[in-house]
Structures are given as C-alpha cells and as structure tokens.
Amino acid sequence: MTYPMVDLLTWQGLGDLVNRFRTKILRLEPLNSLWAPSLIHRAKIPYTYCWSPALIPKPKDWGPHIDISGFFFLNLADEYQPPPDLVAFLAAGPPPIYIGFGSIVVKDPAGLTRLIFDAVKSLGVRALVSEYGHCSSKLRCRGWGGLGAGTVPNHIFMLGNCPHDWLFKQVSAVVHHGGAGTTAIGLKLGRPTVIVPFFGDQAFWGRMVCAAGAGPEPIPFKILTAEKLAHAIQIAIAPEATAAAAKMAERMGQEDGAVAAAKSFHRMLPLKKMRCAIYPNKLAVWRIRRTDIIISSYVAIALLENDLLKAKDLKPYLLCHRAF
C-alpha cells in the first residue's frame with residue numbers, strides 16, 4: 001500500500017508539469033487526477049534502477065518490468081595528475097581519512113571547518129578535507145570559510161578538485177554528504193563510509209551503507225558535533241566496517257551497471273507493438289482505422305499511392321498510449 005501512497009504524493013507535486021508536457025509538447029490529452037497516480041503501476045511501465053544489487057537487492061514484490069542494473073562509473077583517474085604537495089602529504093604517513101561535502105550550502109562554513117578539525121584531532125588521524133564547497137553566498141569558497149593555510153594543522157591537507165576514483169584509493173575511509181555517486185564510488189573501492197546527510201535521498205544512502213555494515217548510522221547535519229563525527233569515524237575504521245566494505249567492493253566489482261542497464265532497456269522495449277505489421281524493420285506510426293493493424297510511413301505511402309488505402313483510414317499510432 002505504500003507504493004500507491006507515494007505515487008499519489010508524487011502526482012500532487014508533479015502532475016501539473018506532467019500534463020503541461022503532455023498537452024504542449026506531446027499533443028496528448030491531460031491525465032485525470034483521479035486515476036493518473038496509479039497509471040505507471042497499472043501499465044507496468046519498465047524501470048531500471050541504477051544502483052548496485054549488492055548494496056540493495058531487488059525486493060521480492062517488484063515485478064519483472066523492474067530491473068536493478070548496478071551503478072554507473074566514469075574513469076577519470078587515468079587522466080589525473082595530483083599536485084606535488086598532495087603526493088608529498090600522502091607519502092608522509094598512513095592513509096588519511098577523506099572528509100568532504102561537495103557543493104552543499106552551509107550557514108556557518110567556518111564553524112563546520114572547526115568541527116571537522118576538532119574531530120580529526122581527537123582521533124589522532126590524518127585527513128584530507130575538501131576545501132571546495134559552497135558558502136551561503138553561493139560563491140565557491142575554500143575550506144567552507146576561506147581559512148588560510150597557516151590555520152591548517154600539519155595532519156590535515158586542504159584538498160582541491162580531485163576525481164574520487166583516484167582520491168578514494170589513497171584513503172582509509174570516507175566521510176561525505178551521501179550523494180548517490182559519491183556513495184557508489186566509495187563502496188566500489190572498498191572504503192568504509194560515514195554519511196552526514198543534509199537533505200533528499202542522502203539519508204537513504206546512509207541507511208543502506210549502515211545496513212551493509214560498511215559504516216555507522218548516518219548523522220544528520222543538523223545534529224552533527226565533533227564528538228559524534230569522531231565516534232562515527234571510529235566505527236568506520238574499525239575492522240568490522242573495513243571488512244564489510246571490502247566484501248561489498250568485491251561483489252560490486254563483478255557488476256557492470258552501464259552494460260546491464262543498456263541490456264535492460266532493450267529487453268524492456270515492446271518491439272511487437274513498435275514494428276510495422278507489413279514491414280517489421282520499420283517503426284509503426286499509423287494505425288488503420290477499425291483494425292489493430294499498425295504500419296510505418298513507408299508502407300502507408302505505398303498503400304496510398306496504389307489506391308489500396310485512403311488517408312481517412314489512417315489514424316496516428318501513439319506508442320505511449322498503446323505500448324504497454
């Protein structure tokens with residue numbers, strides 16, 4: 001019953017946009033708000049969810065029209081050349097912790113930076129702290145508050161732009177906001193993960209990481225303290241979480257999400273309802289009135305030119321109405 005409830009809430013938020021797109025762009029009739037929320041469920045519209053089945057297996061009550069492919073990844077590490085000061089920092093001690101919150105806007109960037117520094121100091125570990133975030137002014141800031149190099153302890157390196165598929169190989173654990181892509185690459189590389197969700201689906205990814213044993217319970221940013229962050233990192237770098245993350249990486253290494261998703265897309269295409277009944281290599285765009293015969297423009301022109309069909313006998317065939 002939760003599925004139709006979510007569909008109803010989704011339609012209440014997006015229904016006007018859907019109908020505007022249907023009427024203005026697709027030239028279709030608007031959907032009635034009474035039955036539109038259940039349309040996708042009733043029509044069994046195919047879905048492919050691009051997350052790892054090793055992290056979130058397909059629920060047993062999901063039908064064959066729903067697939068889970070695996071995460072998608074870009075290989076950016078091969079073209080990246082790290083700056084000399086970063087190379088020197090990594091070589092000067094054991095693998096550090098990575099801490100970064102992407103482009104999240106915070107009201108007190110300097111306070112967040114101090115919180116991170118305090119947590120790292122209390123643990124006695126080294127850390128790479130991403131210095132590129134967004135201040136509340138939406139201008140790109142260094143260290144969430146423009147802190148100068150002289151205020152950064154020796155055991156912390158303020159990190160600039162760096163591809164995660166290279167960076168996460170250099171660290172022992174990662175702390176981030178829980179974006180889907182960041183979560184994915186961290187787990188793929190076997191890194192135990194601490195997620196500090198700010199909004200949206202970030203808490204969901206935090207719960208999934210915790211359920212897999214690859215990290216602690218997510219800590220919502222609103223209640224984050226230096227003590228809570230330090231405790232979460234302790235859990236992440238413990239042998240249990242490290243082993244669970246390594247096991248997750250092994251299972252994800254057997255997946256190829258992009259290829260699986262492409263295969264899923266083609267497998268779900270309703271080809272029988274897309275092909276011309278007379279010339280199957282052509283896409284059907286017309287239906288002969290009072291029949292279920294669908295034909296391509298190529299065939300329609302041939303039939304019209306040879307007086308085997310009249311224009312009034314043709315009706316546009318809308319695949320989105322009839323395919324499923």
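What this report covers is the structure whose coordinates are included nearby. Just so we're clear, the structure is a prediction, and the values are computed from it rather than from any experiment.

Cut-off values and rules
- Residues numbered from 1 in each chain as written.
- Predicted model: local features only at pLDDT ≥ 70, side-chain atom pairs only at ≥ 80, totals over all residues.
- Heavy atoms only, no water.
- Helix = DSSP H or I, 4+ residues; strand = E, 2+ residues; numbered from the N terminus.
- Rg over C-alpha atoms; globule rule 2.2 N^0.38 Å.
- Buried < 20%, exposed > 50% of the residue type's maximum accessible area, 1.4 Å probe, protein only.
- Salt bridge = Lys/Arg side-chain N within 4 Å of Asp/Glu carboxyl O.
- Pairing = 2+ DSSP bridges.
- Core = buried A, V, L, I, M, F, W, Y, C linked by side-chain atoms within 4.5 Å.
- Right-handed = clockwise from strand over helix to strand, strands pointing away.
- Patch = residues over 30% accessible without salt bridge, like charges linked within 9 Å, V, L, I, M, F, W, Y side chains within 5 Å.
- Areas by Shrake-Rupley, 256 points an atom, 1.4 Å probe, with all protein chains shown as cover.
- Axes fitted to C-alpha atoms, helices over the stretch in contact; angles between N-to-C directions.
- Parallel < 35°, antiparallel > 145°, perpendicular 65-115°, else oblique.
- Left-handed = near helix turned anticlockwise from the far one by under 90°.
- Contact = heavy atoms within 4.5 Å.
- Nonpolar A, V, L, I, M, F, W, Y, C, P; charged D, E, K, R; others polar.
- Phe/Tyr/Trp six-rings, centres within 6.5 Å; stacked < 30°, edge-to-face > 60°.

Things to note about the overall build of the chain
Here is step 1 of the chain: In terms of helices and strands, the chain carries 12 helices and 13 strands.
Here is step 2 of the chain: Expected size for 324 residues packed as a compact globule is a radius of gyration near 20 Å; at 26 Å, the chain overshoots this value by more than 25%.
Here is step 3 of the chain: Dimensions of the chain along its principal axes, counting C-alpha atoms only, are 85 × 40 × 35 Å.
Here is step 4 of the chain: When each of the 324 residues of the chain is scored for burial, the buried share is 42%.

Notes on the pattern of salt bridges
A side chain with one charge may pair with a side chain of the opposite charge, provided their charged atoms come close.
Here is step 1 of the chain: For the structure shown, the criterion picks out 2 salt bridges.
Here is step 2 of the chain: One salt bridge in this structure joins D313 and R290, with 3.8 Å as the shortest N-O distance. Here D313, found in the loop between α11 (297-305) and β13 (314-316), pairs with R290, found in the loop between β11 (286-288) and β12 (294-295); they are 23 residues apart in sequence, far enough to count as distant.

Remarks on the environment of L112
Here is step 1 of the chain: Among the structural elements, L112 can be located in helix α4 (residues 109-123).
Here is step 2 of the chain: Spatially, the C-alpha atoms of L112 and L224 are 9.3 Å apart, while their sequence positions differ by 112 residues.

With respect to the pairing of strand β5 (residues 127-130)
Here is step 1 of the chain: Residues A127 and V129 line one face of β5 and the alternating positions L128 and S130 line the opposite face, and both faces are buried.
Here is step 2 of the chain: Summarising the sheet, β5 and strand β8 (residues 156-159) pair through 4 bridges and their orientation is parallel. Looking at the pairing, S130 lines up with L159 of β8.

Notes on the nonpolar core
Here is step 1 of the chain: By size, the foremost hydrophobic cluster in this structure holds 30 residues, and its most contacted members are I99, F101, I116, I156, V175 and L229.
Here is step 2 of the chain: Breaking this core down by element, the ones donating at least two residues are β3 (97-99), α4, β5, β8, β9 (173-176) and α8 (226-236).
Here is step 3 of the chain: Counting 18 residues, the second largest nonpolar core, distinct from the first, contains L55, F71, W205 and M252.

Concerning the sheet that holds β12
Here is step 1 of the chain: The antiparallel open sheet is built from 3 strands, whose spatial order is β12-β11-β13. Edge positions in the open sheet fall to β12 and β13, since each of these has one partner strand only.
Here is step 2 of the chain: As paired elements, β11 and β12 share 2 bridges and run antiparallel to each other. When the sheet's bridge partners are listed, R287 is paired in β12 with I294.

Points about unusual backbone geometry
Here is step 1 of the chain: Of note, R290 is a non-glycine position whose phi angle comes to about 60 degrees, a positive value.
Here is step 2 of the chain: Positive phi is not limited to glycine here, since D307 has a value of about 55 degrees.
Here is step 3 of the chain: Given a relative accessible area of 69%, D307 falls into the exposed group.

As for the pairing of β9
Here is step 1 of the chain: Taking every second residue as pointing to the same face, both faces of β9 are buried, with A173 and V175 on one and V174 and H176 on the other.
Here is step 2 of the chain: Where β3 and β9 come together, 3 bridges link them in parallel fashion. Following the sheet pairing, I97 is matched in β9 by A173.
Here is step 3 of the chain: Note that β9 and strand β10 (residues 193-195) share 3 bridges and pair parallel. Note on β10: the bridge partner recorded for H176 is I195.
Here is step 4 of the chain: Crossover connection from β9 via helix α6 (residues 180-188) to parallel β10: handedness right-handed.

Let's talk about the environment of N161
Here is step 1 of the chain: Mapped onto the elements, N161 comes out in the loop between β8 and α5 (164-167).
Here is step 2 of the chain: Once the C-alpha coordinates of N161 and P82 are considered, the two residues, 79 residues apart in sequence, prove to be 9.9 Å apart.

Focus: a nonpolar patch on the surface
Here is step 1 of the chain: Taken together, the side chains of L14, L17 and V18 make up a nonpolar region of the molecular surface, amounting to roughly 230 Å² of accessible area.
Here is step 2 of the chain: With respect to the element layout, V18 can be found in helix α1 (residues 2-24).

Side note on the packing of α4 against α8
Here is step 1 of the chain: Between α4 and α8, the shortest axis-to-axis distance is 8 Å and the interhelical angle comes to 50 degrees. On the basis of their axis angle, the class for α4 and α8 is oblique. Where α4 crosses over α8, the two elements pack in a sense that is right-handed. Within the contact between the two elements, α4 uses L115, I116, D118, A119, S122 and L123 and α8 uses A226, L229, A230, I233 and Q234.
Here is step 2 of the chain: Of the residues in the contact of α4 with α8, the class split is 8 nonpolar, 2 polar and 1 charged.

Quick look at the packing of aromatic side chains
Any two aromatic rings considered together are summarised by their centre-to-centre distance and by the angle between their planes.
Here is step 1 of the chain: In this structure the tally under the stated criterion is 14 aromatic pairs.
Here is step 2 of the chain: Ring centres of Y49 and W62 lie 5.2 Å apart, and the angle between their planes is 35 degrees; this geometry places the pair in the tilted category. Remark: W62 occurs in the loop between β1 (47-49) and β2 (66-68) and Y49 occurs in strand β1; sequence separation between them is 13 residues.
Here is step 3 of the chain: A relative accessible area of 17% places W62 in the buried class.
Here is step 4 of the chain: Taken together, the ring pairs in this structure connect Y47, Y49, W51, W62, F71, F73, F204 and W205 into an aromatic cluster.

Purely geometric numbers; function is a separate question.
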